[in-house]
2 protein chains.
Amino acid sequence: MEIILAEHAGFCFGVNRAMDLALKIGKDKDGKVHTLGPLIHNPQAVKKLEEVDVRVESDIEKITEGTVIIRSHGVPPEILEQAEKQELEVVNATCPFVKTAQRNAKELMEEGYDVVISGDQDHPEVIAILGYTDNQAIIVQDESDFEKLDNLKKAGVVAQTTQSLERLQKLTAYLLKNVSELKVYNTICTTTGQRQREAARLSKKVDMMIVIGGYNSANTNRLAEICSESGVKTHHIERAEELNKDWFKNIKKVGITAGASTPNWIIKEVLKRMSEIKEKHEENL
Amino acid sequence: MEIILAEHAGFCFGVNRAMDLALKIGKDKDGKVHTLGPLIHNPQAVKKLEEVDVRVESDIEKITEGTVIIRSHGVPPEILEQAEKQELEVVNATCPFVKTAQRNAKELMEEGYDVVISGDQDHPEVIAILGYTDNQAIIVQDESDFEKLDNLKKAGVVAQTTQSLERLQKLTAYLLKNVSELKVYNTICTTTGQRQREAARLSKKVDMMIVIGGYNSANTNRLAEICSESGVKTHHIERAEELNKDWFKNIKKVGITAGASTPNWIIKEVLKRMSEIKEKHEENL
Ligand code: F3S
Ligand code: F3S
């Protein structure tokens with residue numbers, strides 16, 4: 001049995017970077033270390049950070065000393081100012097791609113554009129970007145928000161990094177009806193699309209796909225769907241323990257991928273368990 | 001019988017302005033006066049200009065003295081330089097909206113954008129705009145040209161003033177797939193849309209529509225189509241002489257509109273003839 005791990009499986013660049021930073025700080029620092037909100041929505045990851053004494057705190061005012069780690073989504077500039085006021089040491093793990101979106105939004109505002117953010121209004125990343133426009137930007141989640149755009153003359157657009165291209169395209173098409181000038185920074189991160197395209201490609205080359213990630217993770221579910229739709233038998237698992245050796249009878253090639261919130265060590269555990277199953281199968285032959 | 005003339009019938013602002021300028025220059029100047037190419041594609045208009053000694057010449061080098069009138073479409077900057085070299089007096093009747101498109105294209109190029117012009121590659125307006133980008137811009141006529149855009153990183157778009165919004169929207173949607181930055185000046189002139197919307201509105205209020213304009217004029221044909229599609233009996237005519245009084249039996253309200261290349265005096269002739277028909281009808285009652 002051949003086991004093929006997708007190249008873009010698991011954490012994206014930005015989350016991986018934030019996690020590495022947080023683990024390093026946790027090990028190196030003597031004082032208290034907090035992440036502002038969970039670094040990633042994955043219980044195993046949060047637990048792993050707790051092991052190096054990195055705790056989660058959602059309210060900046062409750063962090064009275066030590067180090068605060070800003071997660072990959074970023075925060076509004078007010079939070080950074082607040083942290084400074086409280087004399088906290090700030091480790092800013094905002095993803096560089098998210099930072100670009102923040103900077104673009106700020107520039108657009110300074111250049112006199114009416115700033116429009118294509119994204120989910122409750123998402124921390126979007127709230128952070130909004131902060132970089134002095135909370136002036138218009139957030140457009142879907143077509144029901146388009147009416148907010150009818151009086152703009154000069155629109156400047158940025159997108160949440162995980163936004164779908166289609167939504168951004170619909171937004172700009174709508175804006176073009178009204179405005180005389182439109183500037184768009186396409187800040188959509190290519191990671192999600194890459195992972196999905198790679199999963200689809202891999203699905204066509206194997207007899208079975210294993211997709212690793214939280215059952216509640218939207219992007220992992222989408223990934224499992226993409227594999228199924230390619231016509232290959234697909235198992236979505238959260239942990240290595242769920243692997244069942246009976247699944248692999250008569251299977252020659254297995255493909256493995258993982259959602260963006262799936263930590264590398266869970267992927268490693270799965271790979272280890274798969275090797276054991278493989279060896280057992282080969283002994284039985 | 002009630003006769004209603006559409007507000008936006010006939011010449012658009014820019015063509016009207018160019019025609020007025022040309023007629024005035026023709027009357028005021030003693031020396032030779034030429035338009036560089038026909039001021040408007042309408043034989044009656046060209047004839048009217050000839051009456052005040054304004055002649056058409058398509059090659060700038062053949063105009064050796066006197067005044068040259070630049071038409072509403074505009075010209076590439078090289079032509080203006082050439083005219084200066086030949087010591088001609090230049091009367092620039094480029095439509096202000098077209099001038100804006102030229103200026104926007106130039107600015108985009110200077111700001112480091114790869115300039116894209118959404119328009120017809122052989123149209124004089126597009127050729128002029130292209131000139132303002134040192135002939136560097138990419139012209140996109142339809143989807144078959146999209147492949148020219150695949151390596152752009154930072155795209156700046158302007159549109160031919162008579163471009164359809166839909167084409168501009170398709171172009172920007174395509175560009176968003178590839179580029180990280182996109183700036184669009186929506187230079188589409190609202191005149192065409194206004195005239196069409198008004199014709200559709202008027203069609204619904206009357207028993208018959210008369211659409212005046214050249215049989216070869218694309219925009220006049222489109223206008224006649226729009227009226228027909230509204231379900232009202234529509235006659236497309238070029239000249240007042242074509243009006244047939246029998247058409248108006250039992251007609252209570254007639255709407256009149258005209259294409260963008262239809263001179264005002266032709267519209268006036270039609271209105272005059274319509275009044276005569278109206279009077280005859282009323283005498284017979
Ligand atoms: S956090 Fe991840 S999804 Fe992209 S924007 Fe940064 S690499
Ligand atoms: S020439 Fe006419 S169509 Fe518009 S751009 Fe100028 S008013």
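Scope of this entry: the structure provided in the associated data block. (Residues numbered from 1 in each chain as written. Chains lettered and ligands numbered in written order. Predicted model: local features only at pLDDT ≥ 70, side-chain atom pairs only at ≥ 80, totals over all residues. Heavy atoms only, no water.)

Brief notes about the overall build of chain A
For step 1, the next point in the chain: Each helix and strand in chain A was counted, giving 9 helices and 12 strands.
For step 2, the next point in the chain: For chain A, the spread of C-alpha atoms along the three principal axes comes to 70 × 55 × 25 Å.
For step 3, the next point in the chain: Looking at the 285 residues of chain A, the share that counts as buried comes to 51%.
For step 4, the next point in the chain: In chain A, 70% of the contacts between residues at least 6 apart in sequence involve partners at least 24 apart.
For step 5, the next point in the chain: A total accessible area of about 14,100 Å² is found for chain A, and carbon and sulfur atoms account for 46% of it.
For step 6, the next point in the chain: In chain A, which carries 38 positive and 45 negative side-chain charges, the distance between the mean positions of the two groups comes to 6 Å. (Helix = DSSP H or I, 4+ residues; strand = E, 2+ residues; numbered from the N terminus. Buried < 20%, exposed > 50% of the residue type's maximum accessible area, 1.4 Å probe, protein only. Contact = heavy atoms within 4.5 Å. Areas by Shrake-Rupley, 256 points an atom, 1.4 Å probe, with all protein chains shown as cover. Lys, Arg positive; Asp, Glu negative; His and termini not counted. Charge placed at Lys NZ, Arg CZ, Asp CG, Glu CD.)

Points about the sheet that holds strand β6 (residues 114–118) of chain A
For step 1, the next point in the chain: One open sheet holds the 8 strands; their spatial order is β7(A)-β6(A)-β8(A)-β9(A)-β9(B)-β8(B)-β6(B)-β7(B), and the pairing between them is mixed. Two strands close off the open sheet at either side, each with one partner strand: β7 (138–140) of chain A together with β7 (138–140) of chain B. Taken pair by pair, the neighbouring strands of this sheet meet at an average axis angle of 20°, ignoring direction.
For step 2, the next point in the chain: As paired elements, β6(A) and strand β8 (residues 154–159) of chain A share 5 bridges and run parallel to each other. Within the sheet, the bridge partner assigned to A:V116 lies in β8(A) and is A:V157.
For step 3, the next point in the chain: Contacting β6 (114–118), β8 (154–159) and β9 (181–185) of chain B, helix α4 (residues 96–110) of chain B runs over the sheet at an angle of about 170° to β8(B). (Pairing = 2+ DSSP bridges. Axes fitted to C-alpha atoms, helices over the stretch in contact; angles between N-to-C directions.)

Concerning the site of ligand 2
For step 1, the next point in the chain: As a matter of local geometry, ligand 2 sits amid B:C12, B:G14, B:C95, B:F97, B:T161, B:C189 and B:T191.
For step 2, the next point in the chain: Residue composition of the shell around ligand 2, grouped by class: 4 nonpolar, 3 polar and no charged. (Near = heavy atom within 4 Å. Nonpolar A, V, L, I, M, F, W, Y, C, P; charged D, E, K, R; others polar.)

Side note on the packing of aromatic side chains
Ring pairs (aromatic) are described by centroid distance and by the angle formed between their planes.
For step 1, the next point in the chain: One pass over the full model with this rule turns up 6 aromatic pairs over all chains.
For step 2, the next point in the chain: Over the ring of A:Y113 we find A:K154; its NZ or CZ atom is 4.6 Å from the centre of that ring. (Phe/Tyr/Trp six-rings, centres within 6.5 Å; stacked < 30°, edge-to-face > 60°. Lys NZ or Arg CZ within 6 Å of the ring centre and 35° of its normal.)

Things to note about the packing of helix α1 (residues 13–28) of chain B against helix α2 (residues 43–51) of chain B
All names here are of chain B.
For step 1, the next point in the chain: At a closest axis distance of 9 Å, the pairing of α1 and α2 adopts a crossing angle of 25°. What the angle tells us is that α1 and α2 run roughly parallel. As α1 runs across α2, the sense of the crossing is right-handed. Packed against α1, whose contacting residues are M19, A22 and L23, the element α2 presents A45, K48 and L49 at the interface.
For step 2, the next point in the chain: Its residues placed into classes, the contact of α1 with α2 shows 5 nonpolar, no polar and 1 charged. (Parallel < 35°, antiparallel > 145°, perpendicular 65-115°, else oblique. Left-handed = near helix turned anticlockwise from the far one by under 90°.)

Notes on the pattern of salt bridges
For step 1, the next point in the chain: Tallied over the full model, the rule gives 30 salt bridges over all chains.
For step 2, the next point in the chain: With a shortest N-O distance of 3.1 Å, B:E111 and B:K183 are connected by a salt bridge. A residue pair is termed long-range when its members are at least 10 positions apart, and B:E111 in the loop between α4 and β6 and B:K183 in strand β9 qualify at 72 residues.
For step 3, the next point in the chain: What makes B:K183 buried here is its relative accessible area of 5%.
For step 4, the next point in the chain: Close ionic contact of B:E276 with B:R273 constitutes a salt bridge, the shortest N to O distance being 3.8 Å. In this pair, B:E276 and B:R273 are both assigned in helix α9 (residues 264–284), 3 residues apart and thus about one turn of the helix distant.
For step 5, the next point in the chain: Linked through salt bridges whose partners overlap, the residues forming this network are A:E111, A:K183 and B:E181. (Salt bridge = Lys/Arg side-chain N within 4 Å of Asp/Glu carboxyl O.)

Examining the nonpolar core
For step 1, the next point in the chain: Core analysis: the largest hydrophobic core is formed by 36 residues, its most contacted members being A:L149, A:L175, A:L182, B:L149, B:L175 and B:L182.
For step 2, the next point in the chain: Sorting the residues of this core by element identifies β7, β8, α6 (165–178) and β9 (181–185) of chain A together with β7, β8, α6 (165–178) and β9 of chain B as the ones contributing at least two each.
For step 3, the next point in the chain: What B:L149 contacts, discounting residues up to four positions off in sequence, is B:V116, B:I138, B:V140, B:L171, B:Y174, B:L175 and B:N178. (Core = buried A, V, L, I, M, F, W, Y, C linked by side-chain atoms within 4.5 Å.)

Side note on the site of ligand 1
For step 1, the next point in the chain: In the region of ligand 1, the neighbouring residues are A:C12, A:G14, A:C95, A:F97, A:T161, A:C189 and A:T191.
For step 2, the next point in the chain: By residue class, the composition of the shell around ligand 1 is 4 nonpolar, 3 polar and no charged.

Things to note about empty space enclosed by the protein
All names here are of chain A.
For step 1, the next point in the chain: Counted according to the given criterion, the structure contains 1 cavity of 30 Å³ or more.
For step 2, the next point in the chain: Computed from the structure, the largest cavity encloses a volume of approximately 30 Å³.
For step 3, the next point in the chain: As for the largest cavity, its lining consists of T35, P38, L39, V46, L49, V54 and V56.
For step 4, the next point in the chain: Of all the elements in the fold, those that place two or more residues in the lining of the largest cavity are α2 (43–51) and β3 (54–57).
For step 5, the next point in the chain: In terms of residue class, the lining of the largest cavity is made up of 6 nonpolar, 1 polar and no charged. (1 Å grid on protein atoms, 1.4 Å probe; cavity = no way out; pocket = protein on both sides within 12 Å on 5 of 7 lines; lining within 4 Å. Points joined across faces, edges and corners; volume = space filled by probe spheres on them.)

Side note on the pairing of β6(A)
For step 1, the next point in the chain: Summarising burial for β6(A): 4 of the 5 residues are buried, a large majority.
For step 2, the next point in the chain: Assessed by its sense of winding, the connection that carries the chain from β6(A) through helix α5 (residues 124–131) of chain A to β7(A) is right-handed. (Right-handed = clockwise from strand over helix to strand, strands pointing away.)

Points about the relation of the copies chain B and chain A
For step 1, the next point in the chain: Placing chain B over chain A gives an RMSD of 0.1 Å and needs a rotation angle of 180°, together with 0.1 Å of translation along the axis. When the rotation and shift are considered jointly, the pair of chain copies conforms to a two-fold rotation axis. Across chain B, the rotation axis passes nearest the C-alpha of B:K183, at a separation of 2.1 Å.
For step 2, the next point in the chain: Of the interface residues in chain B, 100% have counterparts in chain A that sit at the interface too, so the contact is made through matching surfaces. (Least-squares fit on C-alpha atoms with pLDDT ≥ 70 in both.)

Considering the side chain of B:T220
All names here are of chain B.
For step 1, the next point in the chain: Position of T220 among the secondary structure elements: in helix α8 (residues 218–229).
For step 2, the next point in the chain: In this structure T220 comes out as buried when scored by relative accessible area, which is 0%.
For step 3, the next point in the chain: Residues within four places of T220 in sequence aside, it is in contact with V211, I212, G213, G214, H236, G259 and T262.

Digging into the interface of chain B and chain A
For step 1, the next point in the chain: In this assembly, 17 residues from chain B lie in contact with 17 residues from chain A.
For step 2, the next point in the chain: Around 1,400 Å² of area is buried between chain B and chain A when both sides are counted, 56% of it from carbon and sulfur atoms.
For step 3, the next point in the chain: By the criterion of area lost to chain A, the three top residues of chain B are B:Q169, B:L176 and B:N186, representing 35% of everything that side buries.
For step 4, the next point in the chain: In this structure, the connection of chain B to chain A is made through 2 salt bridges.
For step 5, the next point in the chain: In this structure, the salt-bridge partner of B:E181 is A:K183, at a minimum N-O distance of 3.9 Å.
For step 6, the next point in the chain: Remark: the boundary between chain B and chain A carries 8 residue pairs in polar contact (both at pLDDT 80 or more).
For step 7, the next point in the chain: Residue assignment for the side of chain B that touches chain A shows that the elements contributing at least two residues are α6 and β9 of chain B.
For step 8, the next point in the chain: Of the residues forming the side of chain B that touches chain A, the biggest block, 8 residues, is contributed by α6(B).
For step 9, the next point in the chain: Within the side of chain B that touches chain A, the residues separate by chemical class into 10 nonpolar, 4 polar and 3 charged.
For step 10, the next point in the chain: Of the pairings in the sheet, the one linking β9(A) to β9(B) comprises 5 bridges and is antiparallel in character. Across the sheet, the residue bridging to A:K183 is B:K183, located in β9(B). (Buried area = accessible area lost by both parts, 1.4 Å probe. Polar contact = N/O pair within 3.5 Å; in protein donor to acceptor, adjacent residues only side chain to side chain.)

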